[in-house]
Amino acid sequence: MASPQSGILAAIPTTATYLSFDRRPEVSADDLRQHLSVLAKEVDGNELVIGIGAPLVQFLGADVPGLRPFPVSMASGIVTPSTQSDLWIWLRRGGAGDQFHRVAHLVDTLQAGFDLVHSLEAFKYSDSRDLTGYIDGTENPTGGDALSVAIQENGNRGMLGSSFVAVQQWQHDFTVFDAMSDEQQDHTIGRRRSDNEELDDAPASAHVKRTAQEDFEPEAFVVRRSMPWKQGLEGGLQFVAFGHSFDAFEAQLQRMMGGDDGVVDALFRISQPLTGEYYWCPPMQTGQLNLSVLGIASEH
Ligand code: HEM
C-alpha cells in the first residue's frame, strides 16, 4: 500500500534539523542512484522526511510531473530568492544532541555522492508559536482534509502518496518588530497575539488577509509545518508548506508580494526570506521509501 511519509502529516516535533545537499558533479547517475538507495534504507518517513529536487531528477533522466525548481519571483520591488538544492532532509526525531550525531552520520553516509550545502536547527516555541509570539498553524487543514491537501491521491504507483514541499528560511528584524505597538504587531499578522482571535478590522496588508486560503480561486490550501530557528541573536521562521502541487503556495506568495493587487503583506516589513527550495517527497510502499520514479528499485 502506498502511503505518505508520515512525518508530513504529524505534529511538529520539539527539535528539528533541516539539511540540503547538492550532488557532487563528478559522480555518475548510476552511482547517485546507489547512494540514494543506501539512504532510503534509513528513511522511515517519520524520523526522517526526505525530498528530491528538480535538478537531481533531471540529472537522473527521470520525470516527476509537477516538480520544478524554486522560482526567483519579483513583485512590488521585492525579490524572493531561490536556493534550490538536490536533496532535502528534515530530521524530526530526538533532541539536539541526538540530532547532532545523526547529522554527522547522514553526512558520512552520503559523502561519496552529495555535499551538505545548508543546515539549520529549529525548535518548537511554546504552544507552536512563531518567534514574534503568534501561534502558527491555526488554520491548517487537519485529518482527511490535510491528507487531500498535502498528498497526491491519484497518479501512478511511484507518485501516489507523494507530496511537494516549499521551504523558505525567513529572518525576522526584531529591531523593527519590537519598535511597533501591540496593535501594529497584531495588524501585521491580522490576529490578536493575546488570544489568537482573527481581527476583522485588520488592514488588507495583514498576513492572514493576504493568505486566507479560501479567498483564492481555486482555493489555495497548504499544510504548514513551519518551525522557528535561531543562531546567536538572529532568528526567524523556517517556513515549510506541503501540497499535492506547488500551485497553492505560489498563489499565496504572489499575493503576499502584491502580485495580484499591489498590496504587499505587512510581514515583509519585519521579515525577509533568505532561501527558497522546492522538493518532491516520495511515497512509502510497505514501510520503505518508494524511489521507483527515479529508477531505483525497492529491496524487499
Ligand atoms: C516570516 C514568515 C511567516 C510568519 C512569521 C508567518 C506566520 C503566520 C501566522 C502567525 C499565521 C496565523 C495563524 C495560522 O493560521 O497559522 C499565519 C497564517 C498563514 N500563513 Fe503565514 N507566516 C509566514 C510566512 C508565510 C508564507 C511564506 C506563506 C505562503 C506563501 C504563508 C501562508 C500562510 C497561510 C496559508 C496562513 C493561513 C491563512 C488562513 O487561511 O487564515 N505564511 N502565518
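Details of the structure are given in the entry above.
As the structure is a computational prediction, the values presented were derived from the model and not from experiment.

Cut-offs and rules
- All residue numbers refer to positions counted from 1 along the written sequence of the respective chain.
- Where totals are concerned, whole chains, interfaces and linings use all residues; where local detail is concerned, this predicted model gives features only for residues with pLDDT of at least 70, and gives and counts side-chain atom pairs only at 80 or more.
- In computing side-chain properties, one takes all heavy atoms of the structure into account and sets aside hydrogens as well as water.
- Only DSSP runs of H or I covering at least 4 residues are called helices, and only runs of E covering at least 2 are called strands; the numbering of each starts at the N terminus.
- The atom set for the radius of gyration is the C-alpha atoms, and the globule formula is 2.2 Å times the number of residues raised to the power 0.38.
- Relative accessibility thresholds used throughout: buried, under 20% of the residue-type maximum; exposed, over 50%; partly exposed, between the two (1.4 Å probe, protein chains only).
- In this analysis, two residues are considered to be in contact whenever any of their non-hydrogen atoms come within 4.5 Å of each other.
- Aromatic pairing here means that ring centres of Phe, Tyr or Trp (its six-membered ring) are within 6.5 Å. Orientation follows from the plane angle: under 30 degrees is stacked, over 60 is edge-to-face, and everything else is tilted.
- Any Lys NZ or Arg CZ that is within 6 Å of a ring centre and within 35 degrees of that ring's normal is treated as a charge sitting over the ring.
- A cutoff of 4 Å decides nearness: a residue is near a molecule or strand if any of its heavy atoms lies inside that distance of it.
- As used in this structure description, the phrase polar contact means that two N or O atoms lie within 3.5 Å; if the pair is within protein, one of them must be able to donate a hydrogen and the other to accept it, and residues adjacent in sequence are counted only when both atoms belong to side chains.
- Note on donors: an N, O or S atom is included if it sits within 2.8 Å of the metal, or within 3.2 Å for Na, K and Ca, and water is never included, so sites can look incomplete.
- Within this analysis, patches are made of residues with over 30% relative accessible area and no salt bridge. Like charges are joined at 9 Å or less; nonpolar side chains (Val, Leu, Ile, Met, Phe, Trp, Tyr) at 5 Å or less.
- To measure how exposed things are, a 1.4 Å probe is used in the Shrake-Rupley method; for residues, cover is taken only from the protein chains shown.
- The working definition used for a salt bridge is a side-chain nitrogen of Lys or Arg within 4 Å of a carboxyl oxygen of Asp or Glu.
- Arc definition: it is the arc formed by the directions from the helix axis to the C-beta atoms.
- Here, any two strands with at least 2 DSSP bridges between them count as paired.

Novice: Which residues make up the overall build of the protein, and what values go with them?
Specialist: Across its full length, the protein carries nine helices and 15 strands. A compact globule built from 300 residues should have a C-alpha radius of gyration of about 19 Å, and the protein, at 19 Å, falls within 12% of that. Along the three orthogonal principal directions, the C-alpha set of the protein runs to about 55 × 40 × 35 Å. For the protein, the residues scored as buried account for 52% of the 300 residues in total. Counting only contacts in the protein whose residues sit at least 6 apart along the sequence, the fraction spanning at least 24 positions is 77%.

Novice: How would you explain the packing of aromatic side chains if you had to name every residue and give the values?
Specialist: For any pair of aromatic rings, the description rests on two quantities: the centre-to-centre distance and the angle between the ring planes. For the structure shown, the criterion picks out 14 aromatic pairs. One residue, Arg92, lies across the ring of Trp90, its end atom 5.0 Å from the ring centre. Its end group placed over the ring of Phe216, Arg255 keeps NZ or CZ at 3.9 Å from the ring centre.

Novice: Please give an account of the site of the ligand that cites residues and values.
Specialist: Around the ligand sit 26 residues, and of these Gly137, Glu139, His207, Gln213 and Arg224 come closest. Note that an oxygen atom of the ligand is positioned 3.5 Å from one of the side-chain N or O atoms of Asp136. Thr138 is positioned such that a nitrogen or oxygen atom in its backbone is 3.1 Å from an oxygen atom of the ligand. Elements supplying a minimum of two residues to the shell around the ligand: β8 (163-172), α7 (207-211), β11 (234-243) and α8 (247-256).

Novice: Break down the coordination of the iron atom of the ligand for me, citing the residues and quoting the values.
Specialist: Inspection of the coordination sphere of the iron atom of the ligand shows a single protein donor, His207 (NE2), at 2.0 Å. Relative to the elements of secondary structure, His207 occurs in helix α7.

Novice: Give me the lowdown on the environment of Ile189, citing residues and values where you can.
Specialist: Tracing the backbone through its elements, the reader meets Ile189 in helix α6 (residues 182-189). Judged by its relative accessible area of 11%, Ile189 is buried. Residues Ile189 and Gln285, 96 residues apart in the sequence, show an inter-C-alpha distance of 40 Å. If we ignore the near neighbours within four places in the chain, the residues touching Ile189 are Tyr134, Ala206, His207, Val208 and Leu267.

Novice: A description of a nonpolar patch on the surface should follow, citing residues and the corresponding values.
Specialist: On the surface, Val72, Met74 and Val79 cluster together into a nonpolar patch covering about 330 Å² of accessible area. Relative to the helices and strands, Val72 resides in the loop between α2 (54-59) and β4 (73-75).

Novice: Could you give me a rundown of α6, with the residues and numbers involved?
Specialist: Turning to α6, its buried residues are Gln185, Asp186, Thr188 and Ile189. Projected down its long axis, α6 shows its buried positions confined to an angular sector of 155°, all on one face. If you follow the buried residues of α6, they end up packed against α5 (174-178), α7 and α9 (267-270). Positive phi shows up at Gly190, right after α6, with a value of about 95°.

Novice: Quick rundown of the pairing of strand β10 (residues 227-231)? Include the residues and the values.
Specialist: Across five bridges, the pairing between β10 and β11 is antiparallel. If you follow Lys230 over to β11, its bridge partner there is Gly235. Between β10 and β11, which pair antiparallel and follow one another directly, the connecting turn spans two residues, one of which, Gly232, has a positive phi of 60°.

Novice: So what's going on with the sheet that holds strand β15 (residues 288-289)? Residues and values would help.
Specialist: Overall, antiparallel pairing links the three strands, which are arranged β1-β14-β15 in an open sheet. Each edge of the open sheet is held by one strand with a lone partner, namely β1 (2-3) and β15.

Novice: Summarise the side chain of Gln238; cite the residues concerned and give the values.
Specialist: Within the fold, Gln238 resides in strand β11. Apart from residues no more than four positions distant in its own chain, Gln238 is found in contact with Tyr18, Leu120, Val167, Gln168, Gln169, Ser226, Met227 and Trp229.

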